[in-house]
Amino acid sequence: MDNKEIVKKAVKYIEKYGNNKTTMEEVAKNAGFSIDYFNRMFRNHTGFNVMEYIRFRRLNKAAGMLRKNLAMDILSIALECGWESHEGFTRAFKEQYGRTPSEFRETMKDKPFIWADYELNATAVGEFRRVLPQFYEVNADEVIDWLLDKDTSRFGYTAVSIEINGSKILADSDFRETGCFVAVDNFCEEPYLYLVMKDTTDLREYVEKLMHFSPGNLRCIFHTNVAREAVETVFEGITYKSIREIPETMYFGEPFILPKKSEKYTVRLLEEKDTDAVQQFISRHPDPIHRKSGGFGLLNMLKVPLEHRFLDQPFGIFDDGTLIAYSRDGLQSTHGFQLNNCISTPNLPGVPDEAIRYLYMTAANAAMDKGYILFEDSQFGEYAKTHGNFTAYDLGFEQVNTVFDIGF
């Protein structure tokens, strides 16, 4: 039995017994491994350690009970889901859902409200109701839970994106059965829509309706693997600029074994003392946007002491004291699930591929050391050719999904 099957078996065990006082020791013993080894294996495949996943499932169950069992008091729900006190349960619930159990219940007890009633102007309200009259705003936390419960590999990045982008979620009352919803990102000047569906069966119907909102982009995400030809067929006769097929990959292995330390290169975390080196790097970088933005905020970030940094810890690789490339990570999390959203490696022209690869692997190990599962959808194609000339597949990443980004 390979590691994936072992983890799946453990997840089923947690689903069956995890709402009580299941311990990591019990799960590891059931899987037949030592605690430390199994915990690392479990995180590498799910983005959670064992106890984080058990807690996620307990709180997920509690959220459902708060909505469905309005007459049941909160302490009884806490006890049913494995907590021994109202206070401990409230702290854990608020950490995952951003609200206390009572606040969550109060918010969710009312009937669904139409997103357009308060989010759009009067003209758009009428258009929205006409185009998608059955769609209501669904609580984002509920959708994130559904995605993580369904498949952390396939949907983990989508779940994190909803959290990070503050997306509005639109769906009808059957979204748990159909798995179909639209996520609308708030930060874009033009609407950027994520459409999640089981397959392409009803894709054209939804696309024709969503086109009324003139999206800048529409990202199609499916529950199963879908061929590009099937998507292109759906879009025949619809005016669009491009269809990008984007592989989403994750790394489920052990930390990378780095080459022996090179006498030529030095790799270390960048800090304030490296400001001059970073400024020189930026001045020599060929991208004008990179120069104008101060290395996309890198100069400002260096002012933060290392001990106060967690979500952004860039490594630099130096050649005889000169910074030739650096890494930026993307540590993101939602509801206990932790994902490193790609590692970028801006570099000066002519830097040897092996130097960038060494830098990437160092940054990747640091992310894994913090318990984040590695995710990549950019270390491919043209980007890879100019950033080390290696792909995520070359490092052992596995494809977990393919999404289609439609530009209009």
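Remember, it's a predicted structure, so these values are computed and weren't measured experimentally.

Student: Help me get a handle on the overall build of the protein chain, residues and values and all.
Tutor: Counting secondary structure elements, the protein chain contains 19 helices and 13 strands. Projected onto its principal axes, the C-alpha positions of the protein chain cover 70 × 55 × 45 Å. Within the protein chain, the fraction of its 408 residues that count as buried is 52%. Considering only contacts in the protein chain between residues 6 or more positions apart, those separated by 24 or more positions represent 68%.

Student: Requested: an account of the confidence of the model for the protein chain, with residues and values cited.
Tutor: Here the protein chain shows a mean pLDDT of 86. Residues at 70 or above account for 91%. In the predicted structure, residues 111-126 sits below a pLDDT of 50 and forms 21 contacts with residues beyond four places in sequence or in another chain.

Student: Explain the pattern of salt bridges to me, using residue names and the numbers behind them.
Tutor: Side chains that differ in charge, positive against negative, can pair when their charged atoms come close. Tallied over the entire structure, the rule returns 17 salt bridges. The salt bridge involving Asp405 is made with Arg244; its shortest N-O contact spans 3.9 Å. You can see Asp405 sitting in strand β13 (residues 398-407) and its partner Arg244 sitting in strand β6 (residues 242-251), a full 161 residues away along the chain. Of the residues examined, Asp405 reaches a relative accessible area of 5% and is grouped as buried. Here Lys385 and Glu382 are joined by a salt bridge, their closest N and O atoms 3.3 Å apart. On the criterion of helical spacing, the pair formed by Lys385 and Glu382 is a turn pair, its members being three residues apart in helix α19 (residues 381-386). On the basis of relative accessible area, Lys385 is assigned to the exposed category, the value being 53%. With a relative accessible area of 58%, Glu382 lands in the exposed category.

Student: Give a detailed account of helix α2 (residues 24-31), specifying residues and quantitative values.
Tutor: The complete set of buried residues in α2 reads Met24, Val27 and Ala28. Viewed along the axis of α2, the buried residues span an arc of 95°, placing them on a single side of the element. The elements touched by buried residues of α2 are α1 (3-17), α3 (35-46) and α4 (50-68). Remark: Gly32 follows α2 within two positions and exhibits a positive phi of approximately 85°.

Student: An account of the packing of aromatic side chains is needed here, citing residue identities and associated values.
Tutor: Across all of its chains, the model carries 22 aromatic pairs by this definition. Consider the rings of Phe48 and Phe337, whose centres lie 5.7 Å apart with planes at 50°: the pair is tilted. A residue pair is termed long-range when its members are at least 10 positions apart, and Phe48 in the loop between α3 and α4 and Phe337 in strand β11 (residues 337-341) qualify at 289 residues. Judged by its relative accessible area of 0%, Phe48 falls in the buried class. Given a relative accessible area of 0%, Phe337 falls into the buried group. Considering the side-chain rings of Phe89 and Phe93, the 5.8 Å spacing of their centres and the 50° angle between planes classify their relative orientation as tilted. A residue pair is termed a helical-turn pair when its members lie 3 or 4 positions apart in one helix, as Phe89 and Phe93 do in helix α6 (residues 86-97) at four residues. Like Phe89, the residue Phe93 is buried in the burial classification. The residue whose ring lies beneath Arg357 is Phe390, and the NZ or CZ to ring-centre distance is 5.5 Å.

Student: Report on helix α17 (residues 294-301), specifying residues and quantitative values.
Tutor: When α17 is considered as a whole, its buried residues turn out to be Gly294, Gly295, Leu298 and Met301. Taken together, the buried residues of α17 touch α15 (275-284), α16 (288-292) and β9 (322-326).

Student: Describe the side chain of Asp329, naming the residues involved and giving the relevant values.
Tutor: For Asp329, the location among the structural elements is in the loop between β9 and β10 (331-334). Despite being buried, Asp329 has no salt bridge partner; Arg328 is the closest side chain of opposite charge, sitting 6.0 Å away. Once residues within four sequence positions are removed from consideration, Asp329 is found in contact with Leu311, Asp312, Gln313, Asn340 and Cys342.

Student: Which residues make up the pairing of β10, and what are the values?
Tutor: When β10 meets β11, the two strands line up antiparallel, connected through four bridges. Its bridge partner lying in β11, Leu331 is registered against Asn340. The turn linking β10 back onto β11 is made up of two residues, and His335 within it adopts a positive phi angle of 50°.

The rules we used
- Residues numbered from 1 in each chain as written.
- Predicted model: local features only at pLDDT ≥ 70, side-chain atom pairs only at ≥ 80, totals over all residues.
- Heavy atoms only, no water.
- Helix = DSSP H or I, 4+ residues; strand = E, 2+ residues; numbered from the N terminus.
- Buried < 20%, exposed > 50% of the residue type's maximum accessible area, 1.4 Å probe, protein only.
- Contact = heavy atoms within 4.5 Å.
- pLDDT = per-residue confidence, 0-100.
- Salt bridge = Lys/Arg side-chain N within 4 Å of Asp/Glu carboxyl O.
- Arc of directions from axis to C-beta.
- Phe/Tyr/Trp six-rings, centres within 6.5 Å; stacked < 30°, edge-to-face > 60°.
- Lys NZ or Arg CZ within 6 Å of the ring centre and 35° of its normal.
- Lys, Arg positive; Asp, Glu negative; His and termini not counted.
- Pairing = 2+ DSSP bridges.

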